[in-house]
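So the chains spell out like this:
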Amino acid sequence: MSHAFSSSSILGADFGAGYAKLNRRVGNGGWSPLDSDRYRWLQVDLRGRKQITAIATQGRYSSSDWTKQYRLLYSDTGSNWRPYRQDGNIWTFSGNWNSERAVRHELQYTIVGRYLRFIPLEWSEEGRIGLRVEAYGCAYWADVINFDGQGVISYRFRQKKMKILKDVISLRFKTSKGDGVLLHGEGQQGDYLTLELRRAKLVLQINLGSNQYGSIQGHTSVSSGSLLDDDHWHSVLIERYRRSVNFTLDQHTQSFRTNGEFDHLDLDYEISFGGMPVSAKPSSGGPQNFVGCMEGIHYNGDNITNLARRKRVDTSSFRNLTYTCPVSQTFPAFFNSTSTLQLPGQSEADTVSVSLQFRTWSPSGLLLFTPLMPGGVELSLVEGKVVVHIYISQGKNARVDISSGSGLNDGQWHSVHFLALESFAMLTINGDETSSVRASLPIQIRTIGDYYFGGYFPRTDLSPSQRSFQGCMQLIHVDGELVDLHAVEKGMLGSFENVSLDMCAIIDRCVPNHCEHGGRCSQTGDTFKCSCDGTGYTGATCHTSVYEQSCEEYKHLGRTSDSYWIDPDGSGPLEPFKVSCNMMEDKVWTTLVNDLPPQSAVSSGSDPAQGTVLRLNYSMTTDQVNAITSSAEHCEQYVAYACRMSRLLNSPDGSPYTWWVGRGNEKHFYWGGSGPGIQKCACGIERNCTDPNYYYLCSFKKVPKSDHLPVTQVIVGDTQRSGSEAKLTVGPLRCQGDRNYWNAASFNTPASYLHFPTFRGETSADISFYFKTSSSYGVFLENMGNNDFIRLELKSAYMVSFSFDVGNGPVELTVRSLTPLNDDQWHRVEAERNVKEAVLRLDKQHREVRAAPPQGHTQLQLYSQLFVGASGGQRGFLGCIRSLKMNGVTLDLEERAKVTPGVKPGCSGHCSSYGMHCQNGGKCVEKYNGYSCDCSLTAFDGPFCTDDVGGYFESGTMVRYDFMSDSTSAPVGKGVSGALGVEGNLTQEELSFSFSTSHAPSVLVYISSKTQDYLAVVLRHNGTLQIRYSLGGLKEPFTISLDHRNMANGQPHSVNISRQERLIQLQLDHYPTVSYSLPDASDTVFNLVKTIFLGKVFETGQIDPVLIERYNSPGFVGCLSRVQFNRIAPLKAALRPAIPSTASIQGVLVESNCGALPLTIPPMSAAFDPWQPDSAGIQFPFNEERVNRDGVNRDSAIIGGIIAVVIFTILCTLVFLVRHMFRHKGSYHTNEAKGAESADCADAAIIVNDPAFTETIDESKKEWFI
């Protein structure tokens, strides 16, 4: 078989290609070329087309010559070579490291060809190229048919009409034309099946049926592949069962379901191959017929090519039917970024005439450069259009530019013709001479005769703007003559460097598209990138969602109630969608609204038997809604049905008149308070209906079972009778909790683990989870293959590692934390690997990225089970893992832990990680599936104890909170009395609140005792604040008077007072704290605290007469909020009557947070602090007697008083004139709030009559599901 081997050259007679068979030792024991470079090749003729499954190589026997890396080309004809590709690249095989050992490679897929060519890329440093080879496989034979664009094979069915439930169609084709129909069949009912080439892509169109009303559209179109006009064989397999289709092109399979609701493909008479029959073509001409070759055509078990040979099918449309495939006449050249091809032309000519065809994905590149005398011509691709620069001197300042075309970097073949003759130049793209671009030349062209295609690298005074080209060229013409590239390959014409001749190895890196979730793919010659703008995803392949998985997760990031985008399956197929999140104290509710208006009237349907159908649409897809309900702990939906003479149910034995449709389009006949199969309302079951004889007449219903929701339709019957009337309200779907987010397991021993099915993440994989531990090392999870693996591990107390191997050798990414990770708090790990890069992220802060190698394996092949915890002798993980999600699927750790020794479901201790979200003294409470904030001992409400609890006080309104009696009289610290709500003796206390008012004087807070001790905070007549302390030992109370600012200005203010023994600290609003000290003669014990008064004082015991006379009447009018004394919140206790307390209300108190101080003012430094004595140049605090004497600048006061009097006089005059001008007889209308007559003030009237202002909802009129 030595004559089957040939080569580019030989070192000598004993180094010939005939000695290159594996294990052969004759001659010099193998092949070696004359020169060792990358242009050498060894070729094998298999004497017929064969299926090749494996190859093997050896070095030259007993020598220092071997090949370390090589590429494999194959061909049917010995020309138009095709490189073996794997994982999206021209594959480089690893060869030998010595002369004797054979290295065998099993091919990832079978190739078919007669000729094999081995291209050495790297060889022994000690010697030269040496090679012995072997190929493994089997014989291949198939009937081939050449389609000339006219003939069509028609396969007639045995029956006129075929109703086909299952299809299996396969064929192989090769062509140099980018358009043409490969097969087509259709039926009179509108069904069809078409396989067609469009712009060198394969398009499968299928329609199993559409109805005449247009409500069912069955048309489905799927495209696959690219660059299929490369004149190489491509295999196609179509498998259909009902609506499920597998569409495979060259080992890449797309699985999809057809549109519509029909399962059968109804075809009439025949199915055709190679085009559409004349009878099926539209009058406009229709698509082109296929031009090229097909082989191995099989249709549902019948060999169509064999039937054609035997004349068993109609081939009458062929002019000359042949069963051989013609040899391609093109000779392409493949360029990379280092390639150049130099060709000779006419010298000292006055004409430049060059034409060529090219195809590329790169937007820019050099097609041609030729120097002139003087100047030069550059023909380039710039941002997808062809640009010609004609330099008319050695400098670049004087030149003529021509451009034409757009989007020419689309991978298709495009032709370019440039002609410069005498005084003009012309550029023509794709042979369209009508759109040729012309330009005048100021000089006569004078050629040198050198033409550089695809690259020009010499550094000269005149260099082209583009340096190289990545893509293919063919049919190159210089001076009107076709260049013989065969002669170039043999070294007989021109020269080349790093150009692959007789092959076009361009790769479409966007097919298949690795950009996920609608990301847009763009590419150059050697890479691709994804644009994720507007997709809701991020990363190199748009794999990772930018949104959280649920409202629950947003809450634990510290977010408050609002509308949020969520993505329940992360990197899965569901698109993100927007929901309303209601963060409550102990629950998180997700709300999904529908489009059914409240109290929708139910009209009579056209068919009484069918009833009236009311359809509900949600602002998301069914799958998105199901993702919420399936992961929620509980869902509910409010339904109200009001009717008159329109029965909801029937007798227990009859069919219901009304039902609803829920998840999965299932009908349900039960309603809230009842259950499936029970045709009674809740009142009928509980026997408390208004009329016990009619237990089926219900006015309100609720739907309780979460797995049946949401309600998508309500079918209402019994509306045909005279006088029948019904109205329906279906509220939003409300779901609480997220089981996936809290799904956790505790690993108690180093040997404990959970196992799951093998992880499937061949080209794209992401893993995310939370963990907490007190250990400094352990394996989180691991999955193994033969050589491939993936592992996430806690390497140390500060480091997390992500390691994997896809066949290119182990890769490890590590991320180091600045703080310990074994602090028994939750930490989040996110890892992703795709064909572009690998990413590891810790706690959304620390991140490492590792780019994938430009060439190499890309698919992760795993075979073992997935182990979470210890596996394979690795150090086990001790601690908790929660919310483990892999490629968008949450693994059920809890369910598996229930049956696994050493692992327990769930994990406690969430407050150590999330307790900081409970603010204002709120206490974090552990829950099985999370935590909540206990705000009972604070003056706040809300999920994080951040919502102010306040109320509006009318004149005379008072809140009283009484401490319970207690025999203990010993001094206690703060918190003891406050926590228990009993009388006590205090040596320290804290009082905080906020208020807003426009009225003075008033008592804000008064705390009395059974002795003469008290604490009071009052507003004096001029609106200034005063704090009065009376603890005994002094003749007069100790006062802190703040005389420099009117605080009765309608704006919210906050007051924080704390005392410890003699030290008193006061902070107002956002200003720095100021300290005071009780006189030495003062006592330091607040004895027998008795009552807290808000707004007004009504005390039977001893009380300061100054307080009563000056400040207690008429009482506080305005807003108080977040009032707290030690751990007592008297105002909150009064406004929450459901919680037992000693609080009481006298007068009208409307809940409102109008006294809340917005936390938007930045802290003020002491240098500009008006509360600070030094900054204002005043003494602080003032005594009440010194206010009028020393506290105000008298000149400023006099001037201000005069201005105020003048303004007041003008305003009074204007009011009088307006009233006089608009006075008239008769009745009039007013917008004054109703009830203003009885209200004490206008503000009170507004609050009483504005429901939105009170922020309270009457829940007694609502009925919710359980």
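Residues numbered from 1 in each chain as written. Predicted model: local features only at pLDDT ≥ 70, side-chain atom pairs only at ≥ 80, totals over all residues. Heavy atoms only, no water.

Points about the overall build of the chain
Stage number 1. For the chain, the count of helices and strands is 16 helices and 84 strands.
Stage number 2. Here the chain holds 1266 residues, and 51% of them are scored as buried.
Stage number 3. For the chain, the proportion of contacts with a sequence separation of at least 24, taken over those separated by at least 6, is 69%.
Stage number 4. When the accessible surface of the chain is split by element, carbon and sulfur atoms take 50% of a total near 58500 Å². (Helix = DSSP H or I, 4+ residues; strand = E, 2+ residues; numbered from the N terminus. Buried < 20%, exposed > 50% of the residue type's maximum accessible area, 1.4 Å probe, protein only. Contact = heavy atoms within 4.5 Å. Areas by Shrake-Rupley, 256 points an atom, 1.4 Å probe, with all protein chains shown as cover.)

Examining helix α4 (residues 622-631)
Residues three or four positions apart in an α-helix share a direction because the helix packs 3.6 residues into each turn.
Stage number 1. Among the ten residues that make up α4, seven are buried, leaving the element largely enclosed by the rest of the structure.
Stage number 2. Taken together, the buried positions of α4 are occupied by Q624, V625, N626, A627, I628, T629 and S631.

Some remarks on the state of the cysteines
The bond known as a disulfide is covalent and runs between the sulfur atoms of two cysteines.
Stage number 1. Overall, the coordinates contain ten disulfides when judged by the stated rule.
Stage number 2. Covalently, C293 is tied to C325 through a disulfide, its sulfur atoms 2.0 Å apart. Residues C293 and C325 are joined by a disulfide whose S-S torsion is about 105°; by sign, that bridge is right-handed. Highlighted residues: C293 in strand β21 (residues 291-299) and C325 in the loop between α1 (304-309) and β23 (333-344), separated in sequence by 32 residues.
Stage number 3. Given a relative accessible area of 2%, C293 falls into the buried group. (Disulfide = S-S within 2.5 Å.)

Some words on the pairing of strand β17 (residues 234-241)
Stage number 1. Judged by which residues are buried, β17 turns out to be one-sided: H234, V236, I238 and R240 face inward and are buried, whereas S235, L237, E239 and Y241, on the alternate face, are not.
Stage number 2. In the sheet, strand β12 (residues 166-174) pairs with β17 via eight bridges, with the strands oriented antiparallel. Within β17, the residue paired with K166 across the bridge is Y241.
Stage number 3. Bridge count between β17 and strand β18 (residues 244-249): six bridges; the pairing is antiparallel. Across the sheet, E239 pairs through a bridge with N246, a residue of β18. (Pairing = 2+ DSSP bridges.)

Some details on the side chain of S631
Stage number 1. Mapping S631 onto the fold places it in helix α4.
Stage number 2. S631 sits in the buried class, given a relative accessible area of 10%.
Stage number 3. There is a polar contact of 3.1 Å between the side chain of S631 and the backbone oxygen of A627.
Stage number 4. Leave out the neighbours within four places in its chain, and S631 touches G737, D738, R739 and N740. (Polar contact = N/O pair within 3.5 Å; in protein donor to acceptor, adjacent residues only side chain to side chain.)

Comments concerning unusual backbone geometry
Stage number 1. Each neighbour pair has its own omega, and for A1000 with P1001 the value is 5°, a cis peptide bond.
Stage number 2. Between S1113 and the following residue, P1114, the backbone shows a cis peptide bond with an omega angle of 0°.
Stage number 3. Of note, P1114 is situated in the loop between α10 (1105-1111) and β82 (1118-1125).
Stage number 4. The residue K844 is not glycine, and still its phi comes out positive at about 60°.
Stage number 5. Within the fold, K844 resides in the loop between β59 (837-842) and β60 (846-851).
Stage number 6. Look at S883: it is not a glycine, yet its phi comes out positive at around 55°.
Stage number 7. With respect to the secondary-structure elements, S883 resides in strand β62 (residues 879-886).

Side note on the side chain of D567
Stage number 1. Relative to the assigned elements, D567 resides in the loop between β40 (562-566) and β41 (577-583).
Stage number 2. K885 provides the closest opposite charge to the buried, salt-bridge-free D567, at an N-O distance of 7.2 Å.
Stage number 3. If near-sequence neighbours (up to four positions away) are discounted, D567 is found in contact with Y537, S545, Y547, E548, Q549, L574 and P576. (Lys, Arg positive; Asp, Glu negative; His and termini not counted. Salt bridge = Lys/Arg side-chain N within 4 Å of Asp/Glu carboxyl O.)

Digging into empty space enclosed by the protein
Stage number 1. Applying the stated criterion across every chain yields a total of two cavities of 30 Å³ or more.
Stage number 2. Computed from the structure, the largest cavity encloses a volume of approximately 120 Å³.
Stage number 3. S550, I628, S631, G737 and D738 are the residues nearest the centre of the largest cavity, which is lined by 17 residues in total.
Stage number 4. Of all the secondary-structure elements, those providing two or more residues to the lining of the largest cavity are α3 (551-555), β42 (588-592) and α4.
Stage number 5. With three residues, α4 is the single largest residue contributor to the lining of the largest cavity.
Stage number 6. When the residues that make up the lining of the largest cavity are grouped by side-chain class, the tally is eight nonpolar, six polar and three charged. (1 Å grid on protein atoms, 1.4 Å probe; cavity = no way out; pocket = protein on both sides within 12 Å on 5 of 7 lines; lining within 4 Å. Points joined across faces, edges and corners; volume = space filled by probe spheres on them. Nonpolar A, V, L, I, M, F, W, Y, C, P; charged D, E, K, R; others polar.)

Concerning the confidence of the model for the chain
Stage number 1. Put simply, the chain has an average pLDDT of 84, and 84% of its residues get 70 or more.
Stage number 2. Counting contacts from residues 693-701, a segment whose pLDDT is below 50, to residues more than four positions away or on other chains yields 32 contacts.
Stage number 3. Here residues 1159-1199 is modelled with pLDDT under 50, and outside its nearest four sequence neighbours on either side it reaches 52 contacts, counting other chains as well. (pLDDT = per-residue confidence, 0-100.)

A word on the packing of aromatic side chains
Stage number 1. Throughout the structure, instances matching the rule amount to 33 aromatic pairs.
Stage number 2. Through a chain of ring-to-ring contacts, three or more aromatic side chains come together here, namely Y70, Y84, F93, Y109 and F118.
Stage number 3. Over the ring of W589 we find R734; its NZ or CZ atom is 4.1 Å from the centre of that ring. (Phe/Tyr/Trp six-rings, centres within 6.5 Å; stacked < 30°, edge-to-face > 60°. Lys NZ or Arg CZ within 6 Å of the ring centre and 35° of its normal.)

Comments concerning the sheet that holds strand β74 (residues 1002-1009)
Stage number 1. The seven strands lie next to each other as β77-β76-β75-β74-β81-β70-β83, forming an open sheet whose pairing is antiparallel. Strands at the two margins of the open sheet, each flanked by one partner only, are β77 (1038-1042) and β83 (1143-1146). Averaged over all pairs of adjacent strands, the angle between their axes in this sheet comes to 15°, without regard to strand direction.
Stage number 2. Of the pairings in the sheet, the one linking β74 to strand β75 (residues 1014-1019) comprises five bridges and is antiparallel in character. Directly across from Y1006, in β75, lies its bridge partner A1016. (Axes fitted to C-alpha atoms, helices over the stretch in contact; angles between N-to-C directions.)

Quick notes on the pairing of strand β66 (residues 930-934)
Stage number 1. Here β66 lies mainly inside the structure; four of its five residues are buried.
Stage number 2. As paired strands, strand β65 (residues 923-927) and β66 are joined by five bridges and run antiparallel to one another. Among the inter-strand pairings, E926 is bridged to a residue of β66, identified as Y931.

Description of the pattern of salt bridges
Stage number 1. Under the definition given, this model contains 39 salt bridges.
Stage number 2. Residues E295 and R172 are paired through a salt bridge, measuring 2.7 Å at the closest nitrogen-oxygen approach. Placement of the pair is E295 in strand β21 and R172 in strand β12, with a sequence separation of 123 residues.
Stage number 3. Looking at E295, the relative accessible area reads 0%, which means it is buried.
Stage number 4. As a salt-bridge pair, R198 and E196 come within 3.3 Å of each other at their nearest N and O atoms.
Stage number 5. For R198, a relative accessible area of 38% gives the class partly exposed.

Observations concerning the nonpolar core
Stage number 1. Formed by 46 residues in total, the largest nonpolar core has its most connected members in F993, F995 and L1025.
Stage number 2. It is helix α11 (residues 1130-1135) that provides the largest number of residues to this core, a total of four residues.
Stage number 3. Leave out the neighbours within four places in its chain, and F993 touches L1004, V1005, V1017, H1053, S1054, V1055, L1120, S1121, R1122 and V1123. (Core = buried A, V, L, I, M, F, W, Y, C linked by side-chain atoms within 4.5 Å.)

Structural notes on the sheet that holds strand β80 (residues 1074-1077)
Stage number 1. Pairing within the open sheet is antiparallel, and its seven strands lie in the order β80-β79-β78-β73-β82-β69-β84. Edge positions in the open sheet fall to β80 and β84 (1149-1151), since each of these has one partner strand only. Put simply, the sheet's adjacent strands are angled 25° from each other on average, direction ignored.
Stage number 2. By the bridge criterion, four bridges tie strand β69 (residues 950-953) to β82 in an arrangement that is antiparallel. Its bridge partner being in β82, G951 is matched across the sheet by L1120.

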